[in-house]
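# A closer look at the structure
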Amino acid sequence: QVQLVESGGGLVQAGGSLRLSCAASGRTFSSYGMGWFRQAPGKERELVAGLTSGGSTKYADSVKGRFTISRDNAKNTVYLQMNSLKPEDTAVYYCAASRFRSVVAGPPDYWGQGTQVTVSS
């Protein structure tokens, strides 16, 4: 069982930046595909960014060039650096993990509790 704990959400003005962190429990973090999803009110949960154990990345078109996903296997942590934030980025952001596969290859195995990101105009 893997536990994921997100942090770093908050309120920011449009054009600002935030960095989300997701700390994972367990001793095999490096073998997990990790990712960030988000869900805005009245909308379905969507992929924001995915990062495989091998370092391959995938981004939603809406965040390409603005968001960067990265991981520190020594700290069992995945990050989402969000720059040039827009009001439409407002959502609850969820960390996700899948063992031995990418989080975009199917429903993730594990989810965090979510952290709110609000971008004011």
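Before any of the text, the structure's been laid out above.
None of the values given here were measured: they were computed from a predicted structure.

## Some points on the pairing of strand S9 (residues 91–99)
- Counting buried residues along S9, seven of its nine residues qualify, which places the element largely inside the surrounding structure.
- Judged from the eight bridges that link them, strand S4 (residues 32–39) and S9 form a sheet pairing that is antiparallel. Bridge pairing links Gln-39 to Val-92 in S9.
- Bridge analysis of S9 against strand S11 (residues 115–120) gives three bridges, and the strand direction is antiparallel. Paired with Tyr-93 across the two strands is Thr-115, which belongs to S11.

## A closer look at the packing of aromatic side chains
- Inspection of the entire model under this criterion finds three aromatic pairs.
- Between Phe-37 and Trp-111, the aromatic rings sit 4.9 Å apart at their centres with planes inclined by 65°, giving edge-to-face as the arrangement. With Phe-37 in strand S4 and Trp-111 in strand S10 (residues 110–111), this pair connects stretches of sequence that are 74 residues apart.
- Owing to a relative accessible area of 9%, Phe-37 belongs among the buried residues under this scheme.
- A network of ring pairs unites the aromatic residues Phe-37, Tyr-94 and Trp-111 as a single cluster.
- Across the ring face of Tyr-94, the terminal group of Arg-45 is positioned such that the distance to the ring centre comes to 3.8 Å.
- Taking NZ or CZ as reference, Arg-45 lies 4.6 Å from the ring centre of Trp-111, over its face.

Calculation rules
Residues numbered from 1 in each chain as written. Predicted model: local features only at pLDDT ≥ 70, side-chain atom pairs only at ≥ 80, totals over all residues. Heavy atoms only, no water. Buried < 20%, exposed > 50% of the residue type's maximum accessible area, 1.4 Å probe, protein only. Helix = DSSP H or I, 4+ residues; strand = E, 2+ residues; numbered from the N terminus. Pairing = 2+ DSSP bridges. Phe/Tyr/Trp six-rings, centres within 6.5 Å; stacked < 30°, edge-to-face > 60°. Lys NZ or Arg CZ within 6 Å of the ring centre and 35° of its normal.

No statement about biological role is implied by the geometric values presented.
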